[in-house]
Number of protein chains: 2
Amino acid sequence: MTVSVFEFDRSIAIDPQGEGTYTAWLDGGWKVGGGLNGGYLLAVLGNAIKAEFDGHPDPYSISAYYLSPAKAGPAVIRVAIHRRGRGTSTARVALSQPSHDGTEEVDRITALATFGDLASLGDQPVLETAKPPLLPAYDQCLLSSEAPTALKEFVPMLDRFAMRLDPATSAVLTGRPSGLPYVQAWFELADGRPIDPIALLCVADTLPPVTTELGQPGWAPTVELTVHVRAIPALGPVRVRHETQNLSGRLFEEDCEVWDSADRLVARSRQLAITPRRAG
Amino acid sequence: MTVSVFEFDRSIAIDPQGEGTYTAWLDGGWKVGGGLNGGYLLAVLGNAIKAEFDGHPDPYSISAYYLSPAKAGPAVIRVAIHRRGRGTSTARVALSQPSHDGTEEVDRITALATFGDLASLGDQPVLETAKPPLLPAYDQCLLSSEAPTALKEFVPMLDRFAMRLDPATSAVLTGRPSGLPYVQAWFELADGRPIDPIALLCVADTLPPVTTELGQPGWAPTVELTVHVRAIPALGPVRVRHETQNLSGRLFEEDCEVWDSADRLVARSRQLAITPRRAG
């Protein structure tokens, strides 16, 4: 296992045990509410799949179903290959952890993914009607790591990145919901590690849930999260926007777009999540 | 196996073999291009998962990865349960078919799904910023089953439903691409079977690919398709809209919304697909 100078690489490191099995040590720094951040876990899974696929390093698509909250500590990741193709390969992957008393394994996430080589897609024509989010300048946005202590105790992962929230959608910091159905921010990893396709899996699930802006603070457990990585990001901070268009029956979908510094839509994701239980 | 008066039910029927295994006879009527329609196959998978989950009949979310084109004829579906919860249950499901010479099984689709009970979600408040598609009146739209013979030979499934395309996005019928990045239509099953949550899985992948409107006719193979069913549709035809916002590197995402006759957003889906190879 190569040790990287970057904290993020160390936190998603995986150790091959043969036959598609990997071990990892899940980093408590990515704690949010009752478990570890779903995006962080997705990056760990992505790292294991990438290790299995020679020549197909990039997640074109990954769909994760969350089964139980992951904890800091040891984990086992198993990759089962469904198809090795010329342009893409598809695999199933699951992450489990030892139970409290260590006598059995508890499933945390199960996922499916198709990987390929984004660089090989080259400079094909791009037809993009999506527009980058309109965000105030980087230094006019609010740094999430300067959140109140009570929030940081609930969301330790706020120290893992430099997230600069649009002041218009910063209820998570100010406690004043905007009523807007979206939240947007600039995003960099805390250690300045460049955001590559694997890190994008993490980026897609790090902003506060949009429900925070709708007056429903708290953790919104993810049922399902699919991320499509569409291009290798240019260097520099990315802009991230989460939006919901349909909150009903205690469920809401959250659409996420990640734009790089060259105004390219590098990733889109959608998740189905459960609305937070009202405090008190 | 109960035999339904409805053709659609017969075409998605599954026969339990015990231990989560089911057999099915895939209906050649759902042929499109080189294989069977991905939405139709998703409904077959959904039907098998539904049979496994007592009290959780509805697909809150299903994510399918397509491995090889399915053919008309026998198929085996295997459901493996990941979690049975109080409100939702999660399973993995795979569909395979005998190879040409019958000596081995070929994987067609692998999927993950979380099912629950939509009726139990009740009349929770709905916060919906999405708007139903603006479609011309039902009888002013163009019936897909009246397509030219050459098209119907390539897309036999056009006879399986009454799809009435917005004349503004009917390049599949007229051969004249609009240049618009969307396609929209009214939709009913051919036999008038009410559209329930399982049928919605099919509806989400029946419109022509949006690439048809962008001057790239032909079949667009799906890499990944996730459908979220959010409510039980009211009786009557649904309205379906597919849109792409990012076509690049030979890949495009297609977002789909399905609205019922009561103006409720009953399903959303997103797929990552491969642009059609240019004819000639």
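Let me begin by describing the structure that accompanies this report.

Calculation criteria
- Residues numbered from 1 in each chain as written.
- Chains lettered and ligands numbered in written order.
- Predicted model: local features only at pLDDT ≥ 70, side-chain atom pairs only at ≥ 80, totals over all residues.
- Heavy atoms only, no water.
- Least-squares fit on C-alpha atoms with pLDDT ≥ 70 in both.
- Contact = heavy atoms within 4.5 Å.
- Helix = DSSP H or I, 4+ residues; strand = E, 2+ residues; numbered from the N terminus.
- Buried < 20%, exposed > 50% of the residue type's maximum accessible area, 1.4 Å probe, protein only.
- Salt bridge = Lys/Arg side-chain N within 4 Å of Asp/Glu carboxyl O.
- Buried area = accessible area lost by both parts, 1.4 Å probe.
- Polar contact = N/O pair within 3.5 Å; in protein donor to acceptor, adjacent residues only side chain to side chain.
- Nonpolar A, V, L, I, M, F, W, Y, C, P; charged D, E, K, R; others polar.

### Section: the relation of the copies chain B and chain A
At step 1: Between chain B and chain A, which share one sequence, the superposing operator has a rotation angle of 180° and an axial displacement of 0.0 Å; the RMSD is 0.0 Å. Expressed as an axis order, the relation between the two copies is that of a two-fold axis. Among all C-alpha atoms of chain B, that of Ser63 of chain B lies closest to the rotation axis, at 3.3 Å.
At step 2: An overlap of 100% is found between the interface residues of chain B and their copies at the interface of chain A, pointing to a shared contact surface.

### Some points on unusual backbone geometry
All names here are of chain A.
At step 1: Its identity as a non-glycine residue notwithstanding, Arg250 has a phi of 65°, on the positive side.
At step 2: Note that Arg250 resides in the loop between β15 (246-248) and β16 (251-259).
At step 3: Within the chain, Asp263 stands out as a residue other than glycine whose phi angle is a positive 60°.
At step 4: Tracing the sequence through the fold places Asp263 in the loop between β16 and β17 (265-274).
At step 5: Among the residues examined, Asp263 registers a relative accessible area of 43% and is labelled partly exposed.

### Quick look at the pattern of salt bridges
Residues and elements named next belong to chain B.
At step 1: Taken as a whole and judged by the stated rule, the model has 26 salt bridges over all chains.
At step 2: With a closest N to O distance of 2.8 Å, Arg193 and Asp9 form a salt bridge. Residue Arg193 is located in the loop between β12 (182-189) and α5 (197-203), and its partner Asp9 is located in helix α1 (residues 7-11); the two are separated by 184 residues in the primary sequence.
At step 3: We classify Arg193 as buried; its relative accessible area is 9%.
At step 4: Measuring nitrogen to oxygen at the nearest pair gives 2.6 Å for the salt bridge that ties Arg270 to Asp255. Of this pair, Arg270 sits in strand β17 (residues 265-274) while Asp255 sits in strand β16 (residues 251-259), placing them 15 residues apart in sequence.
At step 5: A relative accessible area of 5% places Arg270 in the buried class.

### Things to note about the interface of chain B and chain A
Think of interface size as the accessible area that goes away when the parts come together; that is how it is often given.
At step 1: On the chain A side, the residues contacting the 50 residues of chain B number 50 residues.
At step 2: Of the roughly 4600 Å² buried between chain B and chain A on both sides combined, carbon and sulfur atoms contribute 53%.
At step 3: Counting the surface chain B buries against chain A, the share from its top three residues, Tyr65, Arg230 and Arg270 of chain B, is 16%.
At step 4: At the boundary of chain B with chain A, the tally comes to eight salt bridges.
At step 5: Put simply, chain B and chain A have 35 residue pairs in polar contact (both at pLDDT 80 or more) between them.
At step 6: Across the side of chain B that touches chain A, the residue classes tally to 20 nonpolar, 17 polar and 13 charged.

### Quick look at the environment of Ile14 of chain A
At step 1: The residue Ile14 of chain A is located in the loop between α1 (7-11) and β1 (15-18) in this model.
At step 2: Along the primary structure Ile14 of chain A and Phe115 of chain A are separated by 101 residues, whereas in three dimensions their C-alpha atoms are 18 Å apart.

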